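Listed below, chain by chain, are the residues.
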Amino acid sequence: QVQLVESGGDSVQPGGSLRLSCAASGSIFRINAMCWYRQAPGKQRELVATISSDAVTKYAYSGKGRFTTSRDNAKNTVYLQMNSLKPEDTAVYYCNANIKRRQWGPISEYWGQGTQVTVSS
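The structure contained in this document is the topic of the report that follows. In this convention, every chain numbers its residues from 1, walking through the sequence in written order. For this predicted model, a pLDDT threshold of at least 70 governs which residues receive local features, and a threshold of 80 or more governs which side-chain atom pairs are given and counted, while totals over whole chains, interfaces and linings are taken from all residues. Hydrogens and water are ignored here; the side-chain numbers use all heavy atoms of the structure.

Right, let's talk about the side chain of Glu6 for a bit. In this description a helix means any DSSP run of H or I spanning at least four residues, a strand means any run of E spanning at least two, and both kinds are numbered starting from the N terminus. Looking at the secondary structure, you find Glu6 in strand 1 (residues 2–7). Partly exposed residues are those whose accessible area sits between 20% and 50% of the maximum for their type, while under 20% is buried and over 50% is exposed, using a 1.4 Å probe and protein chains only. Here Asp and Glu are counted as negative and Lys and Arg as positive; His is not counted, and neither are the chain ends. For salt bridges, the criterion is a side-chain nitrogen of Lys or Arg within 4 Å of an Asp or Glu carboxyl oxygen. Despite being buried, Glu6 has no salt bridge partner; Arg45 is the closest side chain of opposite charge, sitting 7.6 Å away. The term polar contact refers here to a pair of N or O atoms within 3.5 Å; inside protein, the definition further demands a hydrogen-donor-capable atom paired with an acceptor-capable atom, and it admits residues adjacent in sequence only when both atoms are side-chain atoms. Within the local environment of Glu6, its side chain forms a polar contact with the backbone nitrogen of Gln113, the two atoms lying 3.0 Å apart. A polar side-chain atom of Glu6 sits 2.8 Å from the main-chain amide nitrogen of Gly114. Apart from the residues within four sequence positions on either side, Glu6 is in contact with Ser21, Cys22, Trp36, Tyr93, Tyr94, Cys95, Gly112, Gln113, Gly114 and Thr115. Two residues qualify as a contact provided that any one of their heavy atoms is within 4.5 Å of a heavy atom in the partner residue.

And the structure:
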């Protein structure tokens, strides 16, 4: 089994910062791309940021210049540093990872349970 567990969600004021973490555990041979998605109430889930296994990053327009994703491969953990937060960043943030559990096995997609980020004055 593989589990992704997010943490770090909180309520902050506009302009504040948060750092989300997502740790993968279980039977893991290699983790390929890891992504952050978010879903606001009444809206579709949207991609926020992606980081490849060799740390190449891509960001959605909404987070460019404010969000930074990184990963620690030794800890099977991905991070999302969010600065200058806005009320429109309020959402449940989900971690997503493409994981190979065995050397010759398939790559499967896994999701975390989500962590709530609320930006409000």
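Another point: the packing of aromatic side chains. Aromatic contacts are taken between Phe, Tyr and Trp rings whose centres are within 6.5 Å, Trp giving its six-membered ring; a plane angle under 30 degrees counts as stacked, one over 60 as edge-to-face, and the others as tilted. For the structure on display, the rule yields 1 aromatic pair. Ring geometry for Tyr37 versus Trp111: centroids 4.9 Å apart, planes at 55°, classification tilted. Here Tyr37 is found in strand 4 (residues 30–39), whereas its partner Trp111 is found in strand 10 (residues 107–111), with 74 residues between them in sequence. Of the residues examined, Trp111 reaches a relative accessible area of 35% and is grouped as partly exposed. The side chain of Arg45 reaches across the aromatic face of Tyr94, ending 3.7 Å from its centre. Criterion for a charge above a ring: Arg CZ or Lys NZ at most 6 Å from the ring centre, at most 35 degrees from the ring normal. For Arg45, the ring lying beneath its charged end belongs to Trp111, and the centroid distance is 4.7 Å.

The next thing to look at is the pairing of strand 9 (residues 91–100). Most of strand 9 is tucked away: 9 of the 10 residues are buried. Paired strands, as defined in this entry, are two strands with at least two bridges between them according to DSSP. Examined bridge by bridge, strand 4 and strand 9 share 8 bridges and lie antiparallel to one another. Of the residues in strand 9, the one forming a bridge with Trp36 is Cys95. Alignment of strand 9 against strand 11 (residues 115–119), held across 3 bridges, turns out to be antiparallel. Bridging across to strand 11, Ala91 finds its partner in Val117. As paired elements, strand 9 and strand 10 share 5 bridges and run antiparallel to each other. Residue pairing for strand 10: Asn96 is matched across the bridge by Trp111. Connecting strand 9 to the antiparallel partner strand 10 that follows it, the hairpin turn spans 6 residues.

Disulfide: a covalent bond connecting the sulfur atoms of a pair of cysteines. A pair of sulfur atoms, both from cysteines and within 2.5 Å, is called a disulfide here. Following the criterion strictly, the structure yields 1 disulfide and no others. The disulfide partner of Cys22 is Cys95, and the S-S distance across this bridge is 2.2 Å. Since a negative S-S torsion denotes a left-handed disulfide, the Cys22-Cys95 link at about -80° is left-handed. Of this pair, Cys22 sits in strand 3 (residues 18–26) while Cys95 sits in strand 9; the two residues are 73 residues apart in sequence, bridging distant segments of the chain. Cysteine Cys35 is unpaired, with the sulfur of Cys95 as its nearest cysteine sulfur at 8.3 Å.

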